[in-house]
Amino acid sequence: MSQRELDRRLQDYLDDRLDDREREELEALIRDDPAAAADLESLREIRLALREDTGGADALSPGFYTRAKSRFAESQKQGKRRGFRLLSWEAAGLATAAVITLALFMPDLLERPGETSIESRFETPRRIEADDADLAAAEAGEPAADEMAPAPVEAGKRDVAEKIVEFDAPVEEEKATGRAERVDRVEAAPARPSLSAPPPAPTATRRREARQKAASADAEFAEEQFAGAPMKKESSRSFADRELVAVGLPEGTVERSSIRIVEERTEWERLLLGAERDAIRSLGDYTPSRRLVLIGAGADRFDCASMTVGLTGGTYRISVGPARDVDGFSGCALTLPRDGREVVVE
Amino acid sequence: MEPTRPSGVCPVEPEADPAELLEGIRRGDTDAFETLARQHAPRLFRLALRLTGRREQAEDLVQDTLVRALPALRKFEGRARLSTYLVRALGNLWKNRLRSKSRSRLVEWFRGPAGDGDDGTGDWEPPDSSPSALDRLESEDRAAWIRRGVARLEPVRRWTLLLREVEELSYEEIAEMTEVPVGTVRSRLARARADLRSILEDRR
């Protein structure tokens, strides 16, 4: 047996890890080999030395427990201070999250009591690409639409964000049920929002600011572009940059071949309770700077998307084509600046 | 009339429930802490003293272990488990101190070599070999020499040897605590004992 193997056997013997046969063999070897016996004795000596209770040498010094208690008490104080700081940070974090959540969702919830699903707000909206003119306007540095235009309130459960920078394509289901459908909404956004990510939602403050800006912009636009200028027809799209949203009205909500202008709050709000409520709501809430214009179609239903508005001699001239290749509407609605100018439909 | 106690007999307080003591410690009860500390500190100190070879270091290590480990224990699972838990905590704290002391050399110590484990290539904690220390050792008895010699062992072997000889843990328990195979425990023990015997022979 090699020394290495003997050492291992001796260790196993010391630690009682040999079976009976191995133990007997090793004990016989130890009896016959003084060196092996000495090795075993040194192992036992080590064990005894380490396990020996040396009394005073192994005793804790006086005051050990007092010091330990003080250290424990101090650690507890530090722990509480740390806990308080953590609590403060947690509270701050929760408060921040609550503020963000309210800013994102509550204004819309308040304005749209029918909204129930938060998840529905993050559904990817269907998007109609802005045309080249819109993008060119955006590249030219014109203000973003959500800054210029009042954010119309979308019907149903649509995402609040898409009302600001995007709009829905016609919805077959909604047509079938007679619900209003937005037919035109053009906005010049600096950059197209990603379809995969929900666009930012507006806050109530932002909406108010946008409406005020829009009213102001409408007045300026009317003064600078229309007043005193030669007869000039502005396309709805170019006008829409200032806020032109024309929506289709459901059947029976407006008299045929008529024009109705609503300036009073009560009347405006009454429309929000009728069959046309979704369409009117999408044009926005009552504001003193704007008036609501409802136009009834004649024999041919309207293609509200084709609507254009011009300003000639202090008169707003609205032109809307008949529906041919698309399902038309019995009427269209839009808002115009409440500037006292006459409105005619050509 | 108040009941009288037999003269010369000290009243014996019933031993506190460790689970309740731990609960008290978590609430910051210093008396509960002291009660548990008195139960475990002597044994921990004996281990720490052999581990470090220095009283001050050993006491500090034990205090650190008790202060940090007891409040952190969420569930009492028996005295033996608590004792093992504290020993493990003490070893971890000692390991961390060694690492912070000489991070570059000691960082791999407690992982141990691959395979059968110890190949003897690990770094050693610098032994206390100053003349004054040697002089002191010369004047002490053989058992004290052994105890001091342990502090010169390579840390992994030292820890393994002390778990076996001081804590009297089985190979399997050591393997679980140090997270190595039983064969590695056996190898480390053999090398630790051989190294210690060499130290002893040097003294002869």
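The structure reproduced in this document is the subject of the present report. The structure displayed is predicted, hence computed values, not measured ones.

1. What to know about the packing of aromatic side chains
Thought 1: With the rule as written, the count across this model stands at 4 aromatic pairs over all chains.
Thought 2: Ring centres 4.3 Å apart and planes at 0 degrees place the aromatic pair Phe-72 of chain A and Phe-33 of chain B in the stacked group. A residue pair is termed interchain when its members come from two chains, as with Phe-72 of chain A in helix α4 (residues 64-111) and Phe-33 of chain B in helix α2 (residues 30-52). For the pair Phe-72 of chain A and Phe-33 of chain B, a shared accessibility class is recorded, and that class is buried.
Thought 3: Judged by centre distance (6.2 Å) and plane angle (35 degrees), the rings of Trp-94 of chain B and Trp-159 of chain B are tilted. With a gap of 65 residues between them, Trp-94 of chain B in helix α4 (residues 79-101) and Trp-159 of chain B in helix α8 (residues 155-165) connect regions that are remote in the sequence. The pair formed by Trp-94 of chain B and Trp-159 of chain B is uniform in burial state, with each residue classed as buried.
Thought 4: Between the NZ or CZ atom of Arg-38 of chain B and the centre of the ring of Tyr-65 of chain A, over which it lies, the distance is 4.2 Å.

2. Things to note about the environment of Leu-271 of chain A
Residue and element names in this part refer to chain A.
Thought 1: As for its position among the elements, Leu-271 is in helix α11 (residues 265-271).
Thought 2: Here the alpha-carbon distance between Leu-271 and Thr-253, two residues 18 residues apart in the chain, equals 9.4 Å.
Thought 3: Non-local contacts of Leu-271, meaning those with residues more than four positions away in its chain, are made with Arg-260, Val-262, Glu-276, Arg-277, Ile-280, Leu-292 and Leu-294.

3. Considering α2 of chain B
Three- or four-residue spacings in an α-helix give side chains the same orientation, since the helix completes a turn every 3.6 residues.
Residue and element names in this part refer to chain B.
Thought 1: With 23 residues, α2 extends only 27 Å from end C-alpha to end C-alpha; this falls clearly short of the ideal 33 Å at 1.5 Å per step.
Thought 2: Where α2 bends most, the angle comes to about 45 degrees, and this point is His-40, followed within four residues by the proline Pro-42.
Thought 3: The opening residue of α2 is Asp-29, an N-cap whose side-chain oxygen sits 2.9 Å from the backbone nitrogen of Asp-31.
Thought 4: Once α2 ends, the next one or two residues include Gly-53, with phi positive near 80 degrees.

4. Notes on the nonpolar core
Thought 1: Among the nonpolar cores identified, the biggest contains 60 residues, and Phe-33, Val-62, Leu-66, Leu-70, Leu-90 and Trp-159 of chain B are the most heavily contacted of them.
Thought 2: In terms of residue count, the dominant contributor to this core is α2 of chain B (11 residues).
Thought 3: One finds Cys-304, Tyr-316, Leu-334 and Val-343 of chain A within the second-largest nonpolar core, a separate group that totals 17 residues.

5. A word on the interface of chain A and chain B
Thought 1: Of the residues lining the interface, 35 residues belong to chain A; the matching set on chain B comes to 48 residues.
Thought 2: Across the chain A to chain B interface the summed buried area is about 3,800 Å²; carbon plus sulfur atoms make up 51%.
Thought 3: Across the chain A-chain B interface, the total number found is 15 salt bridges.
Thought 4: Here Glu-52 of chain A and Arg-147 of chain B are joined by a salt bridge, their closest N and O atoms 3.1 Å apart.
Thought 5: Across the chain A-chain B interface, the total number found is 27 residue pairs in polar contact (both at pLDDT 80 or more).
Thought 6: Taken together, the elements giving at least two residues each to the side of chain A that touches chain B come down to α1 (3-14), α3 (34-51) and α4 of chain A.
Thought 7: No other element matches α4 of chain A, which puts 10 residues into the side of chain A that touches chain B.
Thought 8: The residue makeup of the side of chain A that touches chain B, split by class, is 13 nonpolar, 7 polar and 15 charged.

6. Let's talk about the pattern of salt bridges
Note that side chains of opposite charge can pair when their charged atoms are close.
Thought 1: Considering all chains together, one arrives at 38 salt bridges over all chains under this definition.
Thought 2: Salt-bridge contacts for Arg-23 of chain A lead to Asp-16 of chain A; the nearest nitrogen and oxygen are separated by 3.6 Å.
Thought 3: A relative accessible area of 24% means that Arg-23 of chain A is categorised as partly exposed.
Thought 4: Asp-60 of chain B is the partner of Arg-71 of chain A in a salt bridge, and the nearest nitrogen-oxygen pair spans 2.9 Å. One end of the pair, Arg-71 of chain A, is in helix α4; the other, Asp-60 of chain B, is in helix α3 (residues 55-72), on a second chain.
Thought 5: Owing to a relative accessible area of 24%, Arg-71 of chain A belongs among the partly exposed residues under this scheme.
Thought 6: When salt bridges that share partners are traced, they join Asp-15, Arg-47 and Arg-51 of chain A together with Arg-164, Glu-165, Glu-168 and Arg-193 of chain B into one network.

7. Some words on unusual backbone geometry
Excluding glycine, residues mostly carry a negative phi; peptide bonds, for their part, are mostly trans.
Thought 1: A positive phi angle, close to 50 degrees, is found at Ser-257 of chain A, a residue other than glycine.
Thought 2: The exposed category is assigned to Ser-257 of chain A, whose relative accessible area is 60%.
Thought 3: One non-glycine residue, Glu-179 of chain B, adopts positive backbone phi at about 60 degrees.

8. A few points about the packing of α2 of chain B against α3 of chain B
Residue and element names in this part refer to chain B.
Thought 1: Where α2 contacts α3, the axes come no closer than 8 Å and their chain directions differ by 140 degrees. One way to sum up the angle between α2 and α3 is to call them oblique. When you trace α2 past α3, the crossing you get is right-handed. Taken together, the residues of α3 that come into contact with α2 (itself represented by Phe-33, Leu-36, Ala-37, Ala-41, Leu-44, Phe-45, Ala-48, Leu-49, Leu-51 and Thr-52) are Arg-55, Gln-57, Ala-58, Glu-59, Leu-61, Val-62, Leu-66, Val-67 and Leu-70.
Thought 2: In terms of residue class, the contact of α2 with α3 is built from 15 nonpolar, 2 polar and 2 charged.

The rules behind these values
Residues numbered from 1 in each chain as written. Chains lettered and ligands numbered in written order. Predicted model: local features only at pLDDT ≥ 70, side-chain atom pairs only at ≥ 80, totals over all residues. Heavy atoms only, no water. Phe/Tyr/Trp six-rings, centres within 6.5 Å; stacked < 30°, edge-to-face > 60°. Helix = DSSP H or I, 4+ residues; strand = E, 2+ residues; numbered from the N terminus. Buried < 20%, exposed > 50% of the residue type's maximum accessible area, 1.4 Å probe, protein only. Lys NZ or Arg CZ within 6 Å of the ring centre and 35° of its normal. Contact = heavy atoms within 4.5 Å. Expected span 1.5 Å × (residues − 1). Bend = angle between axes of the 7 residues up to and from the residue. Polar contact = N/O pair within 3.5 Å; in protein donor to acceptor, adjacent residues only side chain to side chain. Core = buried A, V, L, I, M, F, W, Y, C linked by side-chain atoms within 4.5 Å. Buried area = accessible area lost by both parts, 1.4 Å probe. Salt bridge = Lys/Arg side-chain N within 4 Å of Asp/Glu carboxyl O. Nonpolar A, V, L, I, M, F, W, Y, C, P; charged D, E, K, R; others polar. Axes fitted to C-alpha atoms, helices over the stretch in contact; angles between N-to-C directions. Parallel < 35°, antiparallel > 145°, perpendicular 65-115°, else oblique. Left-handed = near helix turned anticlockwise from the far one by under 90°.

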